[in-house]
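Observations on the three-dimensional arrangement
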Amino acid sequence: MATKASRSAARLMMAPAVILLLGWMLVPLCMTLYFSFKKYLPLRGGDLGWVGFDNYVRFFSSSAFWPSVIATLVIVGGVLAITVVFGILLAILLDQPMWGQGIVRILVIAPFFVMPTVSALVWKNMFMDPVNGLFAHLWKFFGAAPIEWLSQASMTSIVIIVAWQWLPFATLILLTAIQSLDSEQLEAAEMDGAPPLSRFGYITLPHLNRAITVVVLIQTIFLLSIFAEIFVTTQGSFGTKTLTYLIYQRVLESQNVGLGSAGGIFAVILANIVAIFLMRIVGKNLDA
Amino acid sequence: MARNVTTQRKIVNTVLAWGIGLLIFFPILWTILTSFKSEATAIADPPVFLFFDWTLDNYRVVQERSDYMRFLWNSVIIAGGSTLLGIIVAVPAAWSMAFVPSARTKDILLWMLSTKMLPAVGVLYPIYLIFIKMGLLDSRVGLTVVLMLINLPIIIWMLYTYFREIPGEILEAARMDGASLKEEILYVLTPMAVPGIASTVLLNIILAWNEAFWTLNLTAAKAAPLTAFIASYSSPEGLFYAKLSAASTMAIAPILILGWFSQKQLVRGLTFGAVK
Amino acid sequence: MGQITLQQVTKNFGDVQVIPPLDLTIEDGEFTVFVGPSGCGKSTLLRLIAGLEDITSGTILIDGADATAISPAKRGLAMVFQSYALYPHMSVRKNIAFPMRMAGVDKAEQDRRIEQAATALNLTDYLDRRPGQLSGGQRQRVAIGRAIVREPAAFLFDEPLSNLDAALRVGMRLEISELHKRLETTMVYVTHDQVEAMTMADKIVVLRAGNIEQVGSPLDLYRTPRNVFVAGFIGSPKMNLIEGPEAARHDAHTIGVRPEHIDVVETDGQWQGRVGVAEHLGSDTFFHVHDTGLAEMLTVRVAGEVNLRHGDTIHLNPRADQIHRFDDKGLRIQ
């Protein structure tokens, strides 16, 4: 509801943001699209002409492609499973009456604020190091041989590190959702004779449905592009080369821009598929 | 109405929650503790928890050897600058979308969000190329602009949700009371929006501070912020636990503190209002 | 001065016309109430007068001068909003002073008018509090105070009492009426509550779907509703509307009899039925009468206590001179 004068002022005030984001989105994306159809090796001859879909064919048929897809899926899937399941349990626990709730909350949320390079390094050296790491001490204490985490159990290690970073996010959102559940609903179910487990199954879980979906979608978008955790720990070796890392290596390490760009376009499409679902949920909420 | 529970159950809850909370917090706690140990104590077997000779040596050495302050300063400028720039661009945009919505407002908002979901690696080379051409590689200006752009959708979105909570009737009342558009924004809207803007600033400083794709790929020595500084410790010669811990503690401490203040806003900012 | 004239005013939201061409004059010093069911366009009409919405076509005159293109700030009108719209970050004093500050009234005069308004509205003790620390009724008074100090040509009220509880509403109703008597300034008041309309207005404008159904004094509307809609809307409890043979007997498509215009008799009433719910208020008794063969249910209002209970047979006589007759288009037959 407004008058004409305020409407034209509004359009003017929106312009800078729209133009900036439009530029930020379109210019690099078009360039990537352009490069993806070229043989382009900046250090070995530069622009070597159009090659059609060659880069795409080579990217998808390279021996590194499928392992990278699998690595990506394992990390995304593993982290999602851990964070959602433990997130729900933690959120329910934190919602219970207790002493020092505020402090516990702070403790649980803290990992989210640790920069990815720090958490990767701390886990890599101080916990997962086969000689001096805390895990090694722990294993020795129980008489077991220490594990070389980042080479023998590389995927598990990365999943642990990333899940530790994202568990607070899932917990916080699920806790917010649980707290918005009308306690009278639970009391009504109790009056109707539902035992605790049924109350969780029939009332709490359906109520959390949307929050869980949002957690899954947002985390998927961020997890698809995790970079620092791998960059600092394994540098993509021992089967931890994700799609993002593979593209990064093609573009900046082997300087095969055409090939990397084809992969980049693939990553954009992949992220957009997830984004569409997220947008639909966010969009519905806008109307409310 | 919350009901009373038995003390027994409350004790169980408390013990369980504190146990899990401390377990999750432990890596951070361990890092902070280790930063006060000597290198020998840091790798002692069995590990030492609290009873060691506390020392501040590591902090001094980290600063002297690797010029910690320069990286810190880069982080402050890049995180602060990108947030400030973002706010300047976002406030008018969010204002107009919240108070003068049109049929397309919703589509514009969603489109802005969609730019946030563009995987960085997909546009890595073009940005890299543009940076080289414009001489922005390894510059604080370049990184500030990029971080502003990647967080702009979140800033606009958060401000939009805060502005929407300000009742339109109050702004209309100001208009009826004879306030011009400028006076309306200055005397009525801004004071009411300050808490929301503050939370937005806070969350964005955190996000920019911890950003670890562009900061690693677009900087070398000059403009590198703390994320890159810490990453340099991953090379074998940097492997000193106590010093690594001291450097890490310094890198995360300011954000941990800011973060604890902004937990509530975090949910709003990162779910784009999809969870309330 | 505060005469407001609307000439052929229309308003469209997109393709939807919410106000078809409308003419209305609100005289200086008059208390005019816009009343109608929700969605009838009464608030939109008020916002058009305020200038918060552009009109699609037509002219708005304030004191004879064309105000159509003038911004809300310059129309010299004050508005009290449904949500009170107080500035939460300012004290009560600053809230009341705000319009004067915008108009550049000098400080001494500001203080004088604030004192005056605060005394009149019983706000003297609360001037330094924030709106958040006040009760609903007090907030309402601050909103009115903020409007008074502008010394506007007219006051606009947008359902100002709908957020108050019932008891407070009756009190505030009186205060606003007294304020009008004292200031003798034009007031335009929007409500969906016909009791507010009846008790406060000099002139009531009944709206439905953006159309003016009838304009007149409260008693005009009560005595001679122009059509079935106004007949059903004005008066509480509602007028009984009867169609069919009984209406035909009076040469009408529909007849209407107000509950207070039906007498209860011992035997041989013109109409008879069975008591459904009997509401004994002491001063009055309301009967919901079923099985009369006239309508689904008739409401009857009798002064004092009448000892009839659920299921009893009741005999009724409508007062012949109080029967309203309407034709098949719903219009009153004189």
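Residues numbered from 1 in each chain as written. Chains lettered and ligands numbered in written order. Predicted model: local features only at pLDDT ≥ 70, side-chain atom pairs only at ≥ 80, totals over all residues. Heavy atoms only, no water.

**Structural notes on the domain arrangement of chain B**
Residue and element names in this part refer to chain B.
- On domain assignment, one finds that chain B holds domain 1 (7-59) and domain 2 (60-271).
- Using only C-alpha atoms to locate each centre, domain 1 and domain 2 end up separated by 31 Å.
- Each partner contributes to the interface: domain 1 provides 15 residues, whereas domain 2 provides 16 residues.
- Where domain 1 abuts domain 2, roughly 1200 Å² becomes buried across the two surfaces, and 65% of that area is made up of carbon and sulfur atoms.
- Counting across the interface, domain 1 meets domain 2 through one salt bridge.
- Between Arg-60 and Asp-57 there is a salt bridge, with the nearest N and O atoms lying 3.2 Å from each other.
- Taken together, the links from domain 1 to domain 2 amount to nine residue pairs in polar contact (both at pLDDT 80 or more).
- Counting only elements with at least two residues in the side of domain 1 that touches domain 2, the list comes to α1 (7-34), α2 (39-42) and α3 (57-66).
- If you tally residues by element for the side of domain 1 that touches domain 2, the top one is α1, at five residues.
- Class assignment of the residues belonging to the side of domain 1 that touches domain 2 gives a composition of seven nonpolar, five polar and three charged. (Domains from an automatic or database assignment. Contact = heavy atoms within 4.5 Å. Buried area = accessible area lost by both parts, 1.4 Å probe. Salt bridge = Lys/Arg side-chain N within 4 Å of Asp/Glu carboxyl O. Polar contact = N/O pair within 3.5 Å; in protein donor to acceptor, adjacent residues only side chain to side chain. Helix = DSSP H or I, 4+ residues; strand = E, 2+ residues; numbered from the N terminus. Nonpolar A, V, L, I, M, F, W, Y, C, P; charged D, E, K, R; others polar.)

**Focus on the interface of chain C and chain B**
- Opposite the 26 residues of chain C that make contact, chain B presents 15 residues.
- Buried area between chain C and chain B, both sides added, is near 1700 Å², and the carbon and sulfur share of it is 64%.
- When the buried surface of chain C facing chain B is broken down by residue, Tyr-87, His-89 and Met-102 of chain C rank first, second and third, together holding 29% of it.
- Along the contact surface separating chain C from chain B lie two salt bridges.
- For Asp-177 of chain B, the salt bridge goes to Arg-146 of chain C, with nearest N and O atoms at 3.5 Å.
- Between the two partners, chain C and chain B, sit seven residue pairs in polar contact (both at pLDDT 80 or more).
- Ranked by residues supplied to the side of chain C that touches chain B, first place goes to helix α2 (residues 92-103) of chain C with four residues.
- Among the residues forming the side of chain C that touches chain B, the class breakdown is 18 nonpolar, three polar and five charged.

**Some remarks on empty space enclosed by the protein**
- Counted under the stated rule, the structure contains seven cavities of 30 Å³ or more.
- Size it by volume and the largest cavity reaches roughly 950 Å³.
- If you go around the largest cavity, you meet 43 residues; those closest to its centre are Trp-166, Phe-222 and Ser-225 of chain A together with Lys-116 and Glu-211 of chain B.
- When contributions to the lining of the largest cavity are tallied by element, the ones reaching two or more residues are α8 (154-179), α10 (196-224), α11 (228-232), α12 (243-253) and α13 (257-287) of chain A together with α5 (105-116), α7 (140-165) and α9 (181-210) of chain B.
- Broken down by element, the lining of the largest cavity gets its largest block of residues, five residues, from α7 of chain B.
- Taken together, Val-114, Val-118, Ser-119, Val-122 and Trp-164 of chain A together with Pro-27, Ile-28, Thr-31 and Ile-252 of chain B make up the full set of residues lining the second largest cavity.
- Every element with two or more residues in the lining of the second largest cavity is listed here: α5 (116-127) of chain A together with α1 of chain B. (1 Å grid on protein atoms, 1.4 Å probe; cavity = no way out; pocket = protein on both sides within 12 Å on 5 of 7 lines; lining within 4 Å. Points joined across faces, edges and corners; volume = space filled by probe spheres on them.)

**Things to note about the packing of aromatic side chains**
- Scanning all chains against the criterion turns up 51 aromatic pairs over all chains.
- Ring geometry for Tyr-125 of chain B and Tyr-128 of chain B: centres 6.1 Å apart, planes at 40°, overall tilted. You can see Tyr-125 of chain B and its partner Tyr-128 of chain B sitting in helix α6 (residues 124-133), three residues apart, about one turn around the helix. Across this residue pair, the class does not change: Tyr-125 of chain B and Tyr-128 of chain B are buried.
- Joined through ring pairs, the aromatic side chains of Trp-123, Phe-127, Phe-135, Trp-139, Trp-149 and Trp-164 of chain A together with Phe-26 and Trp-30 of chain B make up one cluster.
- Directly above the ring of Trp-50 of chain A sits Lys-38 of chain A, whose terminal nitrogen or CZ lies 4.4 Å from the centroid.
- Taking the ring centre of Phe-240 of chain B as reference, the NZ or CZ of Lys-243 of chain B above it sits at 5.2 Å. (Phe/Tyr/Trp six-rings, centres within 6.5 Å; stacked < 30°, edge-to-face > 60°. Buried < 20%, exposed > 50% of the residue type's maximum accessible area, 1.4 Å probe, protein only. Lys NZ or Arg CZ within 6 Å of the ring centre and 35° of its normal.)

**Structural notes on α10 of chain A**
- For α10 of chain A, spanning 29 residues, the distance from its first C-alpha to its last is only 37 Å, which falls clearly below the expected 42 Å at 1.5 Å a residue.
- The sharpest bend along α10 of chain A measures roughly 45° and falls at Asn-209 of chain A. (Expected span 1.5 Å × (residues − 1). Bend = angle between axes of the 7 residues up to and from the residue.)

**Some remarks on a nonpolar patch on the surface**
Residues and elements named next belong to chain A.
- A surface patch of nonpolar side chains, about 360 Å² in accessible area, is lined by Ile-82, Val-85, Phe-86 and Leu-89.
- Relative to the assigned elements, Leu-89 resides in helix α3 (residues 65-95).
- The class for Leu-89 is exposed, based on a relative accessible area of 52%. (Patch = residues over 30% accessible without salt bridge, like charges linked within 9 Å, V, L, I, M, F, W, Y side chains within 5 Å. Areas by Shrake-Rupley, 256 points an atom, 1.4 Å probe, with all protein chains shown as cover.)

**Some thoughts on the environment of Pro-146 of chain A**
All names here are of chain A.
- Its place among the elements puts Pro-146 in the loop between α6 (134-141) and α7 (149-152).
- Relative accessible area serves as the criterion here: at 31%, Pro-146 is assigned to the partly exposed category.
- For the pair Pro-146 and Arg-58, spaced 88 residues apart in sequence, the C-alpha to C-alpha distance is 41 Å.
- If we ignore the near neighbours within four places in the chain, the residues touching Pro-146 are Pro-130, Ala-136, Trp-139 and Lys-140.

**Describing the side chain of Ser-261 of chain A**
Residues and elements named next belong to chain A.
- Take Ser-261: it is sitting in helix α13.
- Look at Ser-261 and you get buried, because its relative accessible area is 3%.
- Among residues more than four places away in sequence, those in contact with Ser-261 are Thr-32, Phe-35, Ser-36 and Val-251.

**Concerning the UniProt feature "transmembrane region" (unreviewed entry) in chain B**
- In this structure's numbering, the residues bearing the UniProt feature "transmembrane region" (unreviewed entry) are residues 12-33, 71-96, 108-131, 143-163, 184-209 and 240-261 of chain B.
- Counted over residues 71-96 of chain B, helix gives 100% and strand 0%. Its end C-alpha atoms are 38 Å apart. (UniProt positions renumbered as here; feature names shortened; annotations may be inferred.)

**With respect to the pattern of salt bridges**
Residue and element names in this part refer to chain C.
- Here the structure, examined in full by the defined rule, presents 20 salt bridges over all chains.
- Across the pair Arg-113 and Glu-109 runs a salt bridge, and its minimum N-O distance is 2.9 Å. With Arg-113 and Glu-109 both in helix α3 (residues 107-120), this residue pair falls four residues apart, about one helical turn.

**Digging into the pairing of strand β11 (residues 240-243) of chain C**
Residue and element names in this part refer to chain C.
- In β11, alternate side chains face the same way, and those of Asn-240 and Ile-242 are buried while those of Leu-241 and Glu-243 on the opposite face are not.
- Pairing analysis gives four bridges linking β11 to strand β12 (residues 254-257), with the strands arranged antiparallel. Considered in β12, the bridge of Glu-243 is made with Thr-254. (Pairing = 2+ DSSP bridges.)

**Details of the domain arrangement of chain C**
All names here are of chain C.
- For chain C, the assigned domains read domain 1 (4-230) and domain 2 (237-326).
- The interface is formed by six residues belonging to domain 1 together with seven residues belonging to domain 2.
- Both faces considered, domain 1 and domain 2 share a buried interface measuring about 520 Å² in area, 62% of it formed by carbon and sulfur atoms.
- When the buried area of domain 1 at its contact with domain 2 is split by residue, Tyr-222, Pro-225 and Val-228 rank highest and sum to 83% of it.
- Summed over the shared surface of domain 1 and domain 2, the result is zero salt bridges.

**Some details on the sheet that holds β12 of chain C**
Residues and elements named next belong to chain C.
- Taking strand neighbours across the sheet as the criterion, the three strands line up as β11-β12-β18 in an open arrangement whose pairing is antiparallel. In this open sheet, the two edge strands, each paired with only one partner strand, are β11 and β18 (324-326). If you compare each strand with its neighbour and ignore which way they point, the axes differ by 25° on average. (Axes fitted to C-alpha atoms, helices over the stretch in contact; angles between N-to-C directions.)

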